Amino acid sequence: MAAVYKTLSASSKHEKEGESRKNKQRVLILSSRGVTYRHRHLLQDLYSLMPHSRKEAKLDTKTKLYQLNELAELYNCNNVLFFEARKGKDLYAWMSKAPNGPTVKMHLQNLHTMEELNFIGNCLKGSRPVLSFDAAFEKQAHFRVIKELFTQIFGVPKTSRKVKPFVDHVMSFTIADGKIWIRVFQINESEPGKKKPAMNGEAEVEEAQPAPKKKGKTEFDVSLVEIGPRFVLTPIVIQESSFGGPIIYENKEFVSPNQIRSDLRRAKGGKYNRRTEAAIDNKIKRGDLGLTTHGGRRREKDPLSDQVLFA
């Protein structure tokens, strides 16, 4: 009996060691200079949801991103989640598998943090999430690469040092309009037969009691409650290496927000220029017709005007 126990314990030990070698993920989370308070809250929310992550100080450079590979090696991390802020408005997310790649650059928008919308959900700190992916991730090659990166970055391994043996929240990844919509929900379990809370002045309603089940088996009503954060990612480019190398995918339909703002300013400037030119043309026509009057009296031509000097 002792020999059997030793054999089983040795085999389970080897299985655990193999599992730890297969799913040993650590994520380095950091940002660049110029992030706003909402961006900082997003970093803190993700850090609290990812017990296998390490938070680092801001990176001083925005051009030499290859230095992130050295930081990841220094802190024994094989995944990097870097947030790059531009002009205090735009936020870009870099996800990389250090040190060999690939790397995905995405534009982050429609950001709502945990405290911003007062989500009522709450999950245990250090728990593991259930990753739910849309079926559209399997239809295109670049979405399959992004799905694998999401799995290794947001998927918390069982062997993490700070992880707790609970699964109480879901991370949802959905593709719509070429963008990736990310939501986080708490798995809320309630016993059937309890009274529902009153809503809009209605009286409390007691649910119908279900049929008796077998002993030892208890069923719960499972519902999802959003806990945040929520944001949308637009893929821009995928590089073969970690923060470098050739571009293996590029989103041709992406227009940078800086270009959009420039086009809007140019459109407003064009309207002003057209109004100014129309006013000048109207003034010239009225002057040629002798209609330049002021207060009902005919105004004399200015001797220094262009019409007099260059007549």
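All figures in this text were calculated on a predicted structure; none of them were measured in a lab. (Residues numbered from 1 in each chain as written. Predicted model: local features only at pLDDT ≥ 70, side-chain atom pairs only at ≥ 80, totals over all residues. Heavy atoms only, no water.)

Section: the overall build of the protein
Move 1: Helices and strands together make up the secondary structure of the protein, namely 6 helices and 15 strands.
Move 2: The 311 residues of the protein split such that 34% are buried.
Move 3: Contacts in the protein between residues far apart in sequence, at least 24 positions, make up 69% of those at least 6 positions apart.
Move 4: Split by element, the accessible area of the protein, about 20,500 Å² in all, is 52% carbon and sulfur. (Helix = DSSP H or I, 4+ residues; strand = E, 2+ residues; numbered from the N terminus. Buried < 20%, exposed > 50% of the residue type's maximum accessible area, 1.4 Å probe, protein only. Contact = heavy atoms within 4.5 Å. Areas by Shrake-Rupley, 256 points an atom, 1.4 Å probe, with all protein chains shown as cover.)

Some remarks on the environment of His107
Move 1: With respect to the element layout, His107 can be found in strand S5 (residues 103-112).
Move 2: In this structure His107 comes out as buried when scored by relative accessible area, which is 8%.
Move 3: Linking His107 and Lys179, residues 72 residues apart in sequence, is a C-alpha distance of 9.5 Å.
Move 4: If we skip the residues at most four places from it in the chain, His107 touches Leu91, Tyr92, Val232, Leu233, Thr234, Ile236, Phe254 and Pro257.

Details of the nonpolar core
Move 1: Counting residues in hydrophobic clusters, the biggest one holds 37 residues, and the most contacted among them are Phe83, Phe150, Phe154, Ile180 and Leu233.
Move 2: Sort the elements by how many residues they give to this core and helix H4 (residues 141-154) lands first, with 6 residues.
Move 3: The contact partners of Phe83, leaving out residues within four places of it in the chain, are Ile29, Leu30, Ser31, Ser32, Leu42, Leu43, Leu46, Leu91, Tyr92, Ala93 and Leu108.
Move 4: If you look at the next biggest cluster of nonpolar residues, it comprises 15 residues, including Leu28, Leu59, Cys77 and Phe82. (Core = buried A, V, L, I, M, F, W, Y, C linked by side-chain atoms within 4.5 Å.)

Observations regarding H4
Move 1: Along its 14 residues, H4 runs 20 Å from first to last C-alpha, staying within 8% of the 20 Å computed at 1.5 Å per residue.
Move 2: Among the residues of H4, those classed as buried are His142, Phe143, Ile146, Leu149, Phe150, Gln152, Ile153 and Phe154. (Expected span 1.5 Å × (residues − 1).)

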